[in-house]
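Residue-level listing of the chains:
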Amino acid sequence: MGDSGARAGAGRRVVLVSGAPGAGKSALATARYNGRAATRHPVHVVDTMSAELAAEFDQPIGLGELVVVDTSVPVDVARVVDKVLARFPASRHHDRTVVR
């Protein structure tokens, strides 16, 4: 029967990158991160992020295909799902359901 772990798209990675486009993205990311300090999970040991620290994490690290989402405006989740699923063979997503 072959390898039971084998399936279409196995091992592929899609990286979802969200934030504001352009020059303002670091400032927006920093403000959002710092604004969530009171509700952030304890695993995040940095309470406040400076612009310099944010700049260190400003680019994807190259682990998969990118899907970029502009979160400075309302996001069409179904469109994002379609973009992600488009990176996988059709057999993987023949029956998708988006929970709203």
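Everything in this summary refers to the structure shown in the same document. Along each chain, residues carry numbers from 1 onward, in the same order as the chain's sequence is written. Only residues with pLDDT of at least 70 are given local features in this predicted model, and only at 80 or more are side-chain atom pairs given and counted; all residues enter the totals for whole chains, interfaces and linings. Excluding hydrogens and water, the side-chain figures rest on all heavy atoms present in the structure.

**Overview of the overall build of the chain**
Okay, step 1: Put simply, DSSP marks the helices as runs of H or I at least four residues long and the strands as runs of E at least two long, and each gets a number from the N terminus on. Within the chain one finds 3 helices and 2 strands.
Okay, step 2: Sequence-ordered secondary structure for the chain, helices as α and strands as β, is β-α-α-β-α.
Okay, step 3: Categorising residues by exposure relies on relative accessible area from a 1.4 Å probe, with only protein chains included: less than 20% of the type maximum marks a residue as buried, more than 50% marks it as exposed, and the intermediate range marks it as partly exposed. Burial analysis of the chain (100 residues in total) assigns 15% to the buried set.
Okay, step 4: Residues are treated as being in contact if the distance between any of their heavy atoms lies within 4.5 Å. Counting contacts in the chain only where the partners sit at least 6 residues apart, residues at least 24 apart contribute 60% of the total.
Okay, step 5: Total accessible area on the chain stands at roughly 7,700 Å², and carbon and sulfur atoms take up 58% of it. With residues, only the protein chains shown are counted as cover, and all accessible areas are computed by Shrake-Rupley using a 1.4 Å probe.

**Some details on the packing of aromatic side chains**
Okay, step 1: Aromatic pairs are defined between Phe, Tyr and Trp rings, using the six-membered ring for Trp, whenever the two ring centres lie within 6.5 Å; interplanar angles under 30 degrees are classed as stacked, those over 60 as edge-to-face, and all others as tilted. As enumerated under the stated definition, the model contains 0 aromatic pairs in all.
Okay, step 2: Counting as a charge over the ring demands two things of the Lys NZ or Arg CZ atom: a distance within 6 Å of the ring centre and an angle within 35 degrees of the ring normal. Directly above the ring of Y33 sits R40, whose terminal nitrogen or CZ lies 3.6 Å from the centroid.

**Regarding helix 3 (residues 77-85)**
Okay, step 1: Residues of helix 3 that are buried include every one of A78, V80 and L85, and no others. Buried residues of helix 3, seen end-on, are gathered within an arc of 160 degrees and therefore sit on one face of the element.
Okay, step 2: As for helix 3, its buried residues are in contact with strand 1 (14-19) and strand 2 (65-70).
Okay, step 3: Measuring from the backbone nitrogen of A78 back to the side-chain oxygen at the start of helix 3 gives 3.3 Å, which picks out D76 as the cap. Along the arc lie the directions from the helix axis toward the C-beta atoms. Under this definition, polar contacts are N or O atom pairs within 3.5 Å; protein pairs additionally need one hydrogen-donor-capable and one acceptor-capable atom, and for neighbouring residues in sequence, both atoms have to be side-chain atoms.

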